[in-house]
Amino acid sequence: MSTTILHRRTRIVTLDPGEDIAALCRPDDIAIRPEADGWSVWFVGDDGTLDGYDEPYLSQKEALWAAKAAAEFASSGE
């Protein structure tokens with residue numbers, strides 16, 4: 001079951017393995033999902049496209065910190 005937090009007006013959604021990002025996230029969300037080789041971070045675009053980092057993080061905590069940093073950058077207007 002996914003969980004959602006709000007950080008700097010950005011929704012960060014942590015998914016369970018195999019959960020569908022498109023079904024549970026909306027534009028401008030950041031999704032964190034465990035994969036076979038670590039935790040992936042995905043950014044949901046206005047049209048539902050996904051963009052993510054090249055390498056997964058080793059832990060959910062690291063992925064969450066990366067997502068929070070991205071949310072702070074987005075809220076700064078840069």
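Residues numbered from 1 in each chain as written. Predicted model: local features only at pLDDT ≥ 70, side-chain atom pairs only at ≥ 80, totals over all residues. Heavy atoms only, no water.

*Asks:* Explanation requested: the pattern of salt bridges in the structure shown.
*Replies:* Pairing between side chains of opposite charge can happen when the charged atoms of each approach one another. One pass over the full model with this rule turns up two salt bridges. Here Asp29 and Arg11 are joined by a salt bridge, their closest N and O atoms 2.9 Å apart. Taken together, the residues Asp29 in the loop between α1 (21-24) and β3 (30-35) and Arg11 in strand β2 (residues 10-14) connect sequence positions 18 residues apart. When sorted by exposure, Asp29 lands in the same class as Arg11, which is buried. Salt-bridge contacts for Arg33 lead to Glu35; the nearest nitrogen and oxygen are separated by 2.8 Å. With a relative accessible area of 33%, Glu35 lands in the partly exposed category. (Salt bridge = Lys/Arg side-chain N within 4 Å of Asp/Glu carboxyl O. Helix = DSSP H or I, 4+ residues; strand = E, 2+ residues; numbered from the N terminus. Buried < 20%, exposed > 50% of the residue type's maximum accessible area, 1.4 Å probe, protein only.)

*Asks:* Looking at this structure, how should I read the packing of aromatic side chains?
*Replies:* Centre distance and the angle of the planes are the two values used to describe a pair of aromatic rings. As enumerated under the stated definition, the model contains two aromatic pairs in all. With a centroid separation of 5.3 Å and 85° between ring planes, the pair formed by Phe43 and Tyr53 is classed as edge-to-face. Of the two residues, Phe43 is situated in strand β4 (residues 38-44) and Tyr53 in the loop between β5 (50-52) and α2 (60-75); the sequence distance between them amounts to ten residues. Ring centres of Tyr53 and Tyr57 lie 6.2 Å apart, and the angle between their planes is 80°; this geometry places the pair in the edge-to-face category. Under the relative-accessibility criterion, Tyr53 is labelled partly exposed at 39%. With relative accessibility at 26%, the residue Tyr57 sits in the partly exposed group. What links up through ring pairs into an aromatic cluster is the set Phe43, Tyr53 and Tyr57. Positioned over the ring face of Trp65 is Lys68, at 5.2 Å from the centre of the ring. (Phe/Tyr/Trp six-rings, centres within 6.5 Å; stacked < 30°, edge-to-face > 60°. Lys NZ or Arg CZ within 6 Å of the ring centre and 35° of its normal.)

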